[in-house]
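# Understanding the architecture of this molecule
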4 protein chains.
Amino acid sequence: MTTTDLHRYMAEAWPAKEAFYAPDRFDVLRPGFCRYRYTVGNEDFRPGGTVSGPTMMWLADVGTYALLLAHLGDAALAVTTSLSIDFLRRPVGPQMVADTELVKLGRNLAVCRVKIASASVDEAPNMDKPEAVSSVTYSLSLLSAHT
Amino acid sequence: MTTTDLHRYMAEAWPAKEAFYAPDRFDVLRPGFCRYRYTVGNEDFRPGGTVSGPTMMWLADVGTYALLLAHLGDAALAVTTSLSIDFLRRPVGPQMVADTELVKLGRNLAVCRVKIASASVDEAPNMDKPEAVSSVTYSLSLLSAHT
Amino acid sequence: MTTTDLHRYMAEAWPAKEAFYAPDRFDVLRPGFCRYRYTVGNEDFRPGGTVSGPTMMWLADVGTYALLLAHLGDAALAVTTSLSIDFLRRPVGPQMVADTELVKLGRNLAVCRVKIASASVDEAPNMDKPEAVSSVTYSLSLLSAHT
Amino acid sequence: MTTTDLHRYMAEAWPAKEAFYAPDRFDVLRPGFCRYRYTVGNEDFRPGGTVSGPTMMWLADVGTYALLLAHLGDAALAVTTSLSIDFLRRPVGPQMVADTELVKLGRNLAVCRVKIASASVDEAPNMDKPEAVSSVTYSLSLLSAHT
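Here is a short report on the structure shown in this document. (Residues numbered from 1 in each chain as written. Chains lettered and ligands numbered in written order. Predicted model: local features only at pLDDT ≥ 70, side-chain atom pairs only at ≥ 80, totals over all residues. Heavy atoms only, no water.)

### Some details on the sheet that holds strand 6 (residues 95-105) of chain C
If you trace the 12 strands from one edge of the open sheet to the other, you get 1(C)-2(C)-6(C)-7(C)-8(C)-5(C)-5(D)-8(D)-7(D)-6(D)-2(D)-1(D), paired in antiparallel fashion. At either margin of the open sheet sits one strand with a lone partner, and together these are strand 1 (26-30) of chain C together with strand 1 (26-30) of chain D. Shown here is a sheet whose adjacent strand axes are inclined to one another by a mean of 20°, direction ignored. Looking at chain direction, strand 1 of chain D and strand 2 (residues 33-39) of chain D are connected through four bridges and run antiparallel. In the strand pairing of strand 2 of chain D, Arg30(D) is matched with Phe33(D). Relative to strand 6 (residues 95-105) of chain D, helix 2 (residues 53-72) of chain D is tilted by about 50°, and along the sheet it contacts strand 5 (79-87) of chain C together with strand 1, strand 2, strand 5 (79-87), strand 6, strand 7 (109-119) and strand 8 (132-139) of chain D. (Pairing = 2+ DSSP bridges. Helix = DSSP H or I, 4+ residues; strand = E, 2+ residues; numbered from the N terminus. Axes fitted to C-alpha atoms, helices over the stretch in contact; angles between N-to-C directions. Contact = heavy atoms within 4.5 Å.)

See the structure below:
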């Protein structure tokens, strides 16, 4: 799937979230990897100007979901099985960039690794010093996941 | 801290999030434990009527943050160090209840265990069949966490 | 399965590990729960008299494996999919007790929660102050796990 | 520290484990990274010829411990705070190689990322298809970790 396909798919499957999957949100989308960019809003900050944990976890989940959707097409049926995240440094924005790498794509499970770092507007982040790293596992069939 | 103290604290420290810490959000708040209740909104659902992973992770984080704040007072300075969550069953709402238990309160780190389950409005959830279980670690000093 | 069945099964399937599954290793084995007891050996200690992390992780894995085997019989085919563990306090022995609870038994995945605490010989541990807590996920079919 | 320094240190601090830290165990040891090689023994296998989960977790822990020791010298006082591991593919040996990368070295916490893959004797593994990936957090002061 291209970013345009991905956006069209989301616009149908999940209209309320369409904007999050707009083509210009993705710096990169290719087999096995995507780079997703998000401009931090006021509601994402904790006191002290730190980007909140839930925003960081949401980024890990969005990057994984988009990458699996691009690979599988029907990932709308995929569900998160587990997620673990380590917060390493203080994320400050103004943009957050999430690099998602496909680590395993099996029959039942897919595992992605996500690195998240702050960036200036439309500039590259320093991914050697990520602010959070996450491992996300998706179950690839809704039926099998919830028995 | 009582739920009233907690709410007043948040209203000052983090006005934008005040409503999430209103006293009536807490069924229980006592040393070592809190039960937090949230009415799921449209934006929390994934296609198919499943409460989204980010909403579940947010609940784990909010429950932990509130419990630590109630214990320590200055937990506004605490930051999440790591979080892991297992999604076990399909969460459907209409309310989600998060039970947070303090597992360890050390000098540098605090660890909480959170169970999350769906509930009917103002009724008790079945916590023997949680839909997600999470372990959340907070670092208790902003200075030491981000060096 | 009773502890005797479990032991007999292991003696056939995995003779080298038979001793670890001897009936007297289990204080409790019942549907959904087991309590496993282990006497710490010299090789399990780190400098300073702390029981090593690998020994603690091994206990989490053994407790889960035994509980799933007792439930499913053919769990010799089950493989660990993921494990996360938080080390909370210093484990010192002389015995370590692992309480394993079945959190979910699905068609593809099983999730167990393990609490581990030190105990005096043949005495009950204080499980309100565990030294480690772990979440272990097993995939229930070897074929599907490694595609 | 060089591999020789590391070995000498371990021989004094923890003689029973000395052999695991012999210089020839390390293909690489440099700032921020080490590659550790282990020849799988009979006791490491599960039925079916799969390297056991505890052996894989032990490798993640050993790689992290060695790398922190080489960086800090006094890491004998460091303790594991948490570990999470995803098992992705079936590990078969005959050697297992663990690549450990230092993700964060803070004042209180250090976080390493470990990839583990099978290899033929003295040959390079295919780290694009690791059999397990792990995130390991160490607390850098024994006193602060166990309060």
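### What about the sheet that holds strand 6 (residues 95-105) of chain A?
Pairing in this open sheet of 12 strands is antiparallel, and the strands run 1(A)-2(A)-6(A)-7(A)-8(A)-5(A)-5(B)-8(B)-7(B)-6(B)-2(B)-1(B) from one edge to the other. At either margin of the open sheet sits one strand with a lone partner, and together these are strand 1 (26-30) of chain A together with strand 1 (26-30) of chain B. Within this sheet the neighbouring strands show an average axis-to-axis angle of 20°, counted without direction. Taken together, the eight bridges between strand 7 (residues 109-119) of chain A and strand 8 (residues 132-139) of chain A define a ladder with antiparallel strand orientation. What sits directly across from Val111(A), in strand 8 of chain A, is Thr137(A). Helix 2 (residues 53-72) of chain A rests against strand 1, strand 2 (33-39), strand 5 (79-87), strand 6, strand 7 and strand 8 of chain A together with strand 5 (79-87) of chain B of the sheet, and its axis sits at about 50° to strand 6 of chain A. Across the sheet, helix 2 (residues 53-72) of chain B is in contact with strand 5 of chain A together with strand 1, strand 2 (33-39), strand 5, strand 6 (95-105), strand 7 (109-119) and strand 8 (132-139) of chain B; its angle to strand 6 of chain B comes to roughly 50°.

### Section: the environment of Met127(D)
Structurally, the position occupied by Met127(D) is in the loop between strand 7 and strand 8. As for Met127(D) and Ser52(D), which are separated by 75 residues in sequence, their C-alpha atoms are 19 Å apart.

### Considerations on the interface of chain B and chain A
With 30 residues of chain B at the interface, the matching set in chain A holds 30 residues. Together, the buried faces of chain B and chain A total about 2400 Å²; carbon and sulfur atoms form 58% of this surface. Among the residues of chain B in contact with chain A, Arg46(B), Pro47(B) and Met57(B) are the three that bury the most area, contributing 23% of the side total. Our count for the chain B to chain A interface comes out at zero salt bridges. Linking chain B with chain A are 10 residue pairs in polar contact (both at pLDDT 80 or more). Secondary structure elements with two or more residues in the side of chain B that touches chain A: strand 3 (45-46), helix 2 and strand 5 of chain B. Examining the composition of the side of chain B that touches chain A, we find that nine residues originate from one element, strand 5 of chain B, more than from any other. Considering only residue class, the side of chain B that touches chain A consists of 18 nonpolar, five polar and seven charged. As defined by bridge partners, strand 5 of chain A adjoins strand 5 of chain B across five bridges and the pair is classed as antiparallel. By the bridge assignment for strand 5 of chain B, Ile85(A) is matched with Leu83(B). (Buried area = accessible area lost by both parts, 1.4 Å probe. Salt bridge = Lys/Arg side-chain N within 4 Å of Asp/Glu carboxyl O. Polar contact = N/O pair within 3.5 Å; in protein donor to acceptor, adjacent residues only side chain to side chain. Nonpolar A, V, L, I, M, F, W, Y, C, P; charged D, E, K, R; others polar.)

None of the figures reported here should be taken as evidence of function without further support.
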